Amino acid sequence: MSIRVLIADDHPLLRAGLRRLLVADGEVDVVGEAENGAEVLRLTGELHPDIVLLDISMPGENGIETARTLKERFTDVLVLFLTMHEEEGMLHEALRAGGDGYVVKRADGPEILRAIHAVRRGEVYVHATMTRALVQPLPPRHAASKEVLTQREIDVLRLLARGNTNRQIAELINLSIRTVESHRANLMGKLGLASRVELVTYAEEHGLL
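Quick look at the structure, then. Here the structure is a predicted model, which means the values were calculated and not measured. Throughout, residues of each chain are indexed from 1 in the direction in which the sequence is written. Confidence filtering applies because this is a predicted model: local features only for residues at pLDDT of at least 70, side-chain atom pairs given and counted only at 80 or more, and all residues used for totals across whole chains, interfaces and linings. Note that water and hydrogens are dropped before the side-chain values are worked out from all heavy atoms of the structure.

### Examining the pattern of salt bridges
Inference 1: A pairing counts as a salt bridge when a side-chain nitrogen of Lys or Arg comes within 4 Å of a carboxyl oxygen of Asp or Glu. Per the counting criterion, the structure on display carries 12 salt bridges.
Inference 2: Salt-bridge contacts for E46 lead to R42; the nearest nitrogen and oxygen are separated by 3.4 Å. Here R42 and E46 lie together in helix 2 (residues 37-47), a separation of four residues that amounts to about one turn.
Inference 3: For every residue, the accessible area (1.4 Å probe, protein chains only) is compared with the maximum for its type, and the residue is labelled buried under 20%, exposed over 50%, or partly exposed between those bounds. Owing to a relative accessible area of 44%, R42 belongs among the partly exposed residues under this scheme.
Inference 4: Residue D50 is joined to R120 by a salt bridge in which the shortest nitrogen-to-oxygen separation is 3.7 Å. Taken together, the positions of D50 in the loop between helix 2 and strand 3 (51-54) and R120 in helix 5 (residues 109-120) put the pair 70 residues apart, joining distant regions of the chain.
Inference 5: Each of D9, D55 and K105 takes part in a single network of salt bridges with overlapping partners. Under the scheme used here, helices are H or I runs from DSSP no shorter than 4 residues and strands are E runs no shorter than 2 residues, and both carry numbers assigned from the N terminus.

Structure follows, in structure tokens:
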């Protein structure tokens with residue numbers, strides 16, 4: 001039986017390349033493509049994929065938030081992150097969100113296929129450059145004080161807690177969206193937090209609003 005995959009990425013050329021790669025495998029059936037979180041949720045309900053191949057940086061709700069919702073609504077679906085982010089904090093956040101695998105976009109085609117097959121077998125697949133983070137336990141929540149944060153991380157935390165999106169934060173403090181996402185991942189990793197709600201709570205408790 002073929003592995004039903006939904007590709008989720010906001011770059012059409014990348015989706016097209018992934019589709020060609022997966023279809024050529026012979027054991028993978030690409031059942032659909034999505035370019036944002038809302039489409040991922042809708043198409044998962046309609047198409048019932050086995051695996052969602054999910055980017056983190058997407059318009060609107062990012063991949064981490066989308067994965068959390070996917071796991072709540074569709075308990076059988078598997079989530080394999082395919083992302084440019086190589087920060088340990090982002091990996092931890094992805095796993096906390098229910099990710100079943102994590103591959104970086106510079107991986108070659110055979111590795112992406114290996115990851116898909118491994119996740120379908122029930123294994124957790126993590127790109128080789130990220131495995132060092134797995135031998136370290138996930139940081140306990142609220143273990144760290146705000147003194148471990150850089151000033152830029154505090155700026156991002158404060159703006160997140162005030163309800164700004166990653167894009168809005170990027171515009172407000174003149175950063176790229178990817179850099180904002182990296183700061184957010186570092187916040188999660190350093191503070192041992194798993195969601196935006198916990199970030200807001202932390203900011204309130206430490207007088208950062």
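### Description of the pairing of strand 3
Inference 1: Across the two faces of strand 3 the burial is the same, with I51 and L53 and V52 and L54 all buried.
Inference 2: Being paired, for any two strands, means DSSP has found at least two bridges between them. In terms of strand pairing, strand 1 (residues 3-8) meets strand 3 through four bridges, oriented parallel. Across the sheet, the residue bridging to L6 is V52, located in strand 3.
Inference 3: When the strands point away from the viewer and the connection leading from the first strand across the helix to the second strand turns clockwise, the crossover is called right-handed. Viewed along the sheet, the connection from strand 3 through helix 3 (residues 63-73) into strand 4 (residues 78-83) turns out right-handed.

### Quick notes on the environment of N164
Inference 1: Relative to the assigned elements, N164 resides in the loop between helix 6 (151-161) and helix 7 (166-172).
Inference 2: With a relative accessible area of 16%, N164 lands in the buried category.
Inference 3: As for N164 and D29, which are separated by 135 residues in sequence, their C-alpha atoms are 38 Å apart.
Inference 4: Of note is the side chain of N164, whose polar atom sits 2.9 Å from the backbone oxygen of L159. As used in this structure description, the phrase polar contact means that two N or O atoms lie within 3.5 Å; if the pair is within protein, one of them must be able to donate a hydrogen and the other to accept it, and residues adjacent in sequence are counted only when both atoms belong to side chains.

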